[in-house]
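# Examination of the molecular architecture
Spelled out from the first residue to the last, the chains are:
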Amino acid sequence: MRDDFDNIRAERETPYRTTATSSNKYAGLWKQIAIGIVVGHLSLGLIGAVVWMVTAQFLPNGLSFTAP
């Protein structure tokens, strides 16, 4: 039986192909940044509103202002 080694290729001889090219590597990044800004702004606004509501509940009960 004769061995045929003509069609054998090593893996290092195959061309290296990247999955993402540099042109579309950051294609959706601006959307993620925009969503992060919007969600962060809304969450900080909600936290600030809750803090002001709690402050408005407790502040007038403990403080009394007198005019000279």
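First things first, this report covers the structure right here in the doc. All figures in this text were calculated on a predicted structure; none of them were measured in a lab. (Residues numbered from 1 in each chain as written. Predicted model: local features only at pLDDT ≥ 70, side-chain atom pairs only at ≥ 80, totals over all residues. Heavy atoms only, no water.)

## Some remarks on the overall build of the protein
The condition that has to hold: A helix here means a DSSP run of H or I that spans at least four residues, while a strand means a run of E at least two residues long, and both kinds are numbered starting from the N terminus. Summary of the burial criterion: residues with accessible area below 20% of their type's maximum are buried, those above 50% are exposed, and those between are partly exposed, where the area comes from a 1.4 Å probe applied to protein chains only. Areas reported as accessible are Shrake-Rupley estimates using a 1.4 Å probe. Residue values count occlusion only from the protein chains shown.
A tally of helices and strands in the protein yields one helix and zero strands. Out of the 68 residues belonging to the protein, those deemed buried represent 0%. Of the roughly 7,300 Å² that the protein leaves accessible, carbon and sulfur atoms contribute 63%.

## Side note on a nonpolar patch on the surface
Applied cut-off: Patch rule: a residue counts if its relative accessible area is over 30% and it has no salt bridge; like charges are joined within 9 Å, and nonpolar side chains (Val, Leu, Ile, Met, Phe, Trp, Tyr) within 5 Å. Counted as salt bridges are all cases of a side-chain nitrogen of Lys or Arg within 4 Å of a carboxyl oxygen of Asp or Glu.
A contiguous nonpolar patch, built from Tyr26, Leu29, Ile33 and Ile37 and spanning about 430 Å² of accessible area, is present on the exposed surface. With respect to the helices and strands, Ile37 occurs in helix α1 (residues 29-62). In this structure Ile37 comes out as exposed when scored by relative accessible area, which is 57%.

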